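Fold and contact review
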Amino acid sequence: MGKLKPETPPELQFPVVGIGASAGGLDAMRTFLKALPAKSGMAFVFIQHLSPKHESILPGILQKVAPFPVHQITDNIHLEPDNLYIIPENKVVISFDGVLKLAPIDKTHKKSNTIDLFFSSLAVVHQSYAVGIILSGSLDDGTIGLQVIKSYGGLTFAQDEGSAEFDSMPNSAVRTGAVDFVLPPDKIAE
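Read on for an overview of the structure. This structure is a prediction, so every number in the text was calculated from the model and none was measured. (Residues numbered from 1 in each chain as written. Predicted model: local features only at pLDDT ≥ 70, side-chain atom pairs only at ≥ 80, totals over all residues. Heavy atoms only, no water.)

Looking at the overall build of the protein
The condition is simple: The helix count covers DSSP runs of H or I at least four residues long, the strand count covers runs of E at least two residues long, and both are numbered beginning at the N terminus. All radius of gyration figures rest on C-alpha atoms, and the globule criterion is 2.2 Å times the number of residues raised to 0.38. Think of it in three bands: with a 1.4 Å probe and only protein chains considered, a residue is buried below 20% of the maximum accessible area for its type, exposed above 50%, and partly exposed in between. Contacts are assigned to residue pairs that have any heavy atoms within 4.5 Å of one another. When charges are counted, neither His nor the chain ends are considered; positive counts come from Lys and Arg and negative counts from Asp and Glu. Note on charges: their place is set at NZ of Lys, CZ of Arg, CG of Asp or CD of Glu.
When helices and strands are counted, the protein shows 6 helices and 10 strands. At 15 Å, the protein has a C-alpha radius of gyration in line with the 16 Å of a compact globule built from 190 residues. For the protein, the spread of C-alpha atoms along the three principal axes comes to 55 × 35 × 35 Å. Counting only residues that meet the buried cut, the protein has 46% of its 190 residues in that class. Long-range contacts, defined as pairs at least 24 residues apart, comprise 68% of the intrachain contacts of the protein with a sequence gap of at least 6. Each charge class in the protein can be summarised by its mean position, and for the 15 positive and 20 negative side chains these summaries are 5 Å apart.

Here you go:
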């Protein structure tokens, strides 16, 4: 009979915060980061819809305002508290047992649901330690992912309509009833 994998001891677990955004999400992300303390004990993963033709300059932009180190995600990167991890262009990211895995955007993994894919994997792996945040964006990516996080006992946030440059992504999530808090980005950080 195979051995069951031992669970991570509670003292080694920490919240992992997935943040999803598309159009208009960069300003919201900057506001969110400026309001965070340097030591929160949480890891942050930013999934933004990026142009496939341009190399992402997000790590450099966000390092200027983040109170902790910023990393572009590489395959099998280990999550550490008080760090921000950013999706590279032309990739989808999934969480797997404290590690982030990359896959190319293709027929199986579409750009339009990169946030849902990551949030869903985050929920399954981290369960009640998963936190999902939807910031400014168009369409509805992230809505299903937030529902999955909520179903596993995680915490969910959406940017409020008044502060979102494009409010269809946060509003889509709110309409499902799966969002715990609807706030501007600086209040979400608090």
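That covers the picture; the talk isn't over yet.
Observations regarding the pairing of strand β7 (residues 99–104)
For the record, the criterion: For two strands to pair, DSSP has to find at least two bridges joining them.
Relative to β7, strand β4 (residues 77–78) runs antiparallel, the two being bridged by 2 bridges. From the neighbouring strand, H78 faces β7, where its bridge partner is V99. Bridge analysis of strand β6 (residues 91–96) against β7 gives 6 bridges, and the strand direction is antiparallel. Within β7, the position partnered with I94 by the bridge is K101. The antiparallel pairing of β6 with β7 creates a hairpin that spans 2 residues between the two strands, and D97 there sits at a positive phi of about 55°.

As for the side chain of S136
Where we set the bar: Distance and chemistry together define a polar contact, namely a pair of N or O atoms within 3.5 Å, with one atom able to donate a hydrogen and the other to accept it when in protein, and with adjacent residues in sequence counting only for side-chain atoms on both sides.
Positionally, S136 belongs in the loop between β8 (130–134) and α4 (143–151). At 3.4 Å, the side chain of S136 and the backbone nitrogen of E165 are in polar contact. Of the polar contacts made by the side chain of S136, one reaches the backbone nitrogen of F166; its length is 2.9 Å.

Some thoughts on the side chain of H49
Following the sequence through the fold, H49 ends up in the loop between β2 (43–48) and α2 (58–63). A distance of 2.7 Å separates polar atoms of two side chains, one belonging to H49 and the other to D141.

Some details on the nonpolar core
To be explicit about the condition: By nonpolar core is meant a set of buried Ala, Val, Leu, Ile, Met, Phe, Trp, Tyr and Cys residues that side-chain atoms within 4.5 Å join together.
One finds F32 and L84 to be the most contacted residues of the largest nonpolar core, which totals 50 residues. Filtering out sequence-adjacent residues up to four positions away, L84 remains in contact with M29, L33, F44, V45, F46, L62, F68, P69, V70 and H71.

Overview of helix α3 (residues 114–126)
What counts is decided by this rule: Multiply 1.5 Å by the residue count of a helix minus one, and that product is the helix's expected span.
Look at α3: 18 Å from first C-alpha to last across 13 residues, which is about the 18 Å you get at 1.5 Å a residue. Listed as buried for α3 are T114, I115, D116, F118, F119, S121, L122, A123 and H126. Phi turns positive, to about 50°, at Q127, one or two residues after α3.

Interpretation in functional terms is not warranted from these geometric data alone.
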